[in-house]
Amino acid sequence: MLLVAGLVFTYYTTWAILLPFFDASSPIHNYFPAREWAIRLPAFVLVVGLSGIGFFVGSTIRKENRKKAQKAKLRAA
């Protein structure tokens, strides 16, 4: 897993940071998608990840509130 993370980091760093310094006719450009995707892809992953975390936290809070409401209802009865 660490090896995969290292490879992804190296690929992305080369793609986003080093690629602009190579000439546009360089064959290294054939190994990478368009540079606009270097921003779009991480932004999409970030939005999906934060949405998932928000959904998880929201559902956990809702479940806890339901449990508290049931306990309060049982105590009142």
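Just so it is clear, the model here is predicted, and its values are computed rather than measured. (Residues numbered from 1 in each chain as written. Predicted model: local features only at pLDDT ≥ 70, side-chain atom pairs only at ≥ 80, totals over all residues. Heavy atoms only, no water.)

Asker: Outline the packing of helix H1 (residues 2-18) against helix H2 (residues 37-76), listing residues and values.
Answerer: Remark: H1 packs on H2, axes separated minimally by 10 Å, with the N-to-C direction vectors making an angle of 130°. In terms of orientation, H1 lies oblique with respect to H2. For the pair H1 and H2, contact is made by Tyr12, Trp15 and Ala16 and by Trp37, Ala38 and Pro42, respectively. Split into classes, the residues belonging to the contact of H1 with H2 amount to six nonpolar, no polar and no charged. (Axes fitted to C-alpha atoms, helices over the stretch in contact; angles between N-to-C directions. Helix = DSSP H or I, 4+ residues; strand = E, 2+ residues; numbered from the N terminus. Parallel < 35°, antiparallel > 145°, perpendicular 65-115°, else oblique. Contact = heavy atoms within 4.5 Å. Nonpolar A, V, L, I, M, F, W, Y, C, P; charged D, E, K, R; others polar.)

Asker: I'd love a proper account of the packing of aromatic side chains, names of residues and values included.
Answerer: Tallying each qualifying case throughout the model produces three aromatic pairs. Aromatic pair Tyr11 and Phe32: ring centres 4.8 Å apart, planes at 35°, arrangement tilted. With Tyr11 in helix H1 and Phe32 in the loop between H1 and H2, the pair connects residues that are 21 residues apart, well separated along the chain. Classification of Tyr11 as partly exposed rests on a relative accessible area of 38%. Exposure remark for Phe32: the relative accessible area of 12% places this residue in the buried category. Put simply, the rings of Tyr11, Tyr12, Trp15 and Phe32 pair up and form one aromatic cluster. (Phe/Tyr/Trp six-rings, centres within 6.5 Å; stacked < 30°, edge-to-face > 60°. Buried < 20%, exposed > 50% of the residue type's maximum accessible area, 1.4 Å probe, protein only.)

Asker: Can you tell me about H1, naming the residues and giving the values?
Answerer: The terminal C-alpha atoms of H1, which comprises 17 residues, lie 22 Å apart, in line with the 24 Å expected from a rise of 1.5 Å per residue. Listed in full, the buried residues belonging to H1 are Thr14, Trp15 and Ala16. In this fold, the buried residues of H1 make contact with H2. (Expected span 1.5 Å × (residues − 1).)

Asker: So what about the nonpolar core? Which residues, and what values?
Answerer: Listed in full, the five residues of the largest apolar core are Trp15, Ala16, Leu19, Phe32 and Ala38. Once residues lying within four places of it in the same chain are set aside, the contact partners of Ala16 are Arg35 and Ala38. (Core = buried A, V, L, I, M, F, W, Y, C linked by side-chain atoms within 4.5 Å.)

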